[in-house]
Amino acid sequence: MKKPVIGITPSHNTDNDDISARPTYLRAIEAAGGLSILLPLEVSGEDLKQLSKLCDGFLFSGGPDIHPFLLKEETHTQCGNVSMARDTMELSLLKLAVDARKPVLGICRGAQIINVGLGGDIYQDIPSQTETVFPIAHKQPYSCCLPSHHVDVRRDTLLYTIAEGKTEIAVNSSHHQAVRRIAPCLMASGHAPDGIIEALEMPDYPYLLALQWHPEYMWQTDTVSANIFKSFVDACQG
């Protein structure tokens, strides 16, 4: 059987202009039955359109912060490094993917850029822009191979199906930005105990799942994490 091709958006090291992808993404996609290709950042609109046609689905990967100007905001003191080249390419790719109704999986920053690209916004910094009685470690102090907090799963959603009917799952966490206002075409399907949005979906779309955590670090030991990649690759198979 021909394997589906998954286009992965790259990390961008702005110090030396290198692009890369964590092998954890590639291993998770391979284990689920897909083939991965790393997409370029420096690409014309026409070339990106041609490349997008070669892919059966797209994984918007994790990484650094989104430029605050995309939120129509000034730069918060806790905002981290950004890559305008990456922001620009990913927003263009998202439009191509959605227009073609191809499967999309967003992870961490990927979830945030999907929400912003579709009309939502994000917190530039969770600790300073939200209030909570018990501050959950959204940037956990230990290995991302271990879970650090729980997510409440909304019933009758794609995530609920992937989680095999569980209404609470354990996830890892490594972020200081997060979805604030949800894009009009999306819905939240998972929340952390402190109310932070952890999962987004697009109803009436073939497959769009945006997750704030990192299942690529846990798929070998966690069934839900493995199911995430399997469901995505299966959707890309068509």
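Under an unreviewed UniProt entry, the name given to the chain is Peptidase C26, and the source organism is Enterocloster clostridioformis.

Trainee: Got a sec to walk through the pattern of salt bridges? Specific residues and values, please.
Mentor: All chains considered together, the criterion is met by 10 salt bridges. With a shortest N-O distance of 3.0 Å, Asp234 and Lys230 are connected by a salt bridge. Placement of both Asp234 and Lys230 in helix α7 (residues 223-237) is noted, with a separation of 4 residues, approximately one turn of the helix. On the basis of relative accessibility, which here comes to 41%, the residue Lys230 falls in the partly exposed class. Within this structure, Glu73, Asp121, Arg180 and Arg181 form a network of salt bridges that share partners.

Trainee: Run through the packing of aromatic side chains, naming residues and quoting values.
Mentor: Summed over all chains, the structure comprises 1 aromatic pair. Judged by centre distance (5.9 Å) and plane angle (45 degrees), the rings of Tyr207 and Phe232 are tilted. Taken together, the residues Tyr207 in the loop between β12 (197-201) and β13 (208-211) and Phe232 in helix α7 connect sequence positions 25 residues apart. Its relative accessible area of 0% is what places Phe232 among the buried residues.

Trainee: Go over the side chain of Ser52, please, and point to the residues and values.
Mentor: Checked against the element boundaries, Ser52 lands in helix α2 (residues 45-54). Within polar-contact distance, the side chain of Ser52 engages the backbone oxygen of Lys49 at 2.7 Å. Residues within four places of Ser52 in sequence aside, it is in contact with Phe58, Leu93, Leu96 and Lys102.

Trainee: Break down the sheet that holds β13 for me, citing the residues and quoting the values.
Mentor: Here we have 9 strands laid out as an open sheet, ordered β4-β1-β5-β6-β13-β12-β11-β8-β9, and mixed in their pairing. Sheet topology places β4 (35-38) and β9 (168-171) at the edges, where each strand pairs with a single neighbour. Adjacent strand axes in the sheet meet at a mean angle of 25 degrees, parallel and antiparallel pairs treated alike. Two strands pair when backbone bridges link them, and strand β5 (residues 57-60) and strand β6 (residues 104-107) are joined in this way by 3 bridges, in the parallel orientation. By the bridge assignment for β6, Phe60 is matched with Gly106. In this fold helix α3 (residues 84-99) packs onto β5 and β6, with an angle of close to 150 degrees to the strand it touches most, β5.

Trainee: Go over the packing of α2 against α3, please, and point to the residues and values.
Mentor: As a packed pair, α2 and α3 sit with axes 10 Å apart at the nearest point and diverge in direction by 55 degrees. Classified by the interaxial angle, the pair formed by α2 and α3 is oblique. Considering how the two elements wind past one another, α2 and α3 form a crossing that is right-handed. Contacts between α2 and α3 involve Leu48, Lys49 and Ser52 on the former and, on the latter, Met89, Ser92, Leu93 and Leu96.

Trainee: Talk me through helix α1 (residues 23-31); I want residue IDs and the actual numbers.
Mentor: Looking at α1, one finds that the buried residues are Thr24, Tyr25, Ala28 and Ile29. An end-on view of α1 places all buried positions within 130 degrees of arc, on one side of the element. α1 presents Glu30 and Ala31 as exposed residues on the side facing more than 90 degrees away from its buried surface. Elements in contact with the buried residues of α1: β1 (5-8), β4, β5, β6 and α7. Note on α1: the residue one or two positions beyond its end, Gly33, has a positive phi of about 100 degrees.

What counts and how
Residues numbered from 1 in each chain as written. Predicted model: local features only at pLDDT ≥ 70, side-chain atom pairs only at ≥ 80, totals over all residues. Heavy atoms only, no water. Salt bridge = Lys/Arg side-chain N within 4 Å of Asp/Glu carboxyl O. Helix = DSSP H or I, 4+ residues; strand = E, 2+ residues; numbered from the N terminus. Buried < 20%, exposed > 50% of the residue type's maximum accessible area, 1.4 Å probe, protein only. Phe/Tyr/Trp six-rings, centres within 6.5 Å; stacked < 30°, edge-to-face > 60°. Polar contact = N/O pair within 3.5 Å; in protein donor to acceptor, adjacent residues only side chain to side chain. Contact = heavy atoms within 4.5 Å. Pairing = 2+ DSSP bridges. Axes fitted to C-alpha atoms, helices over the stretch in contact; angles between N-to-C directions. Parallel < 35°, antiparallel > 145°, perpendicular 65-115°, else oblique. Left-handed = near helix turned anticlockwise from the far one by under 90°. Arc of directions from axis to C-beta.

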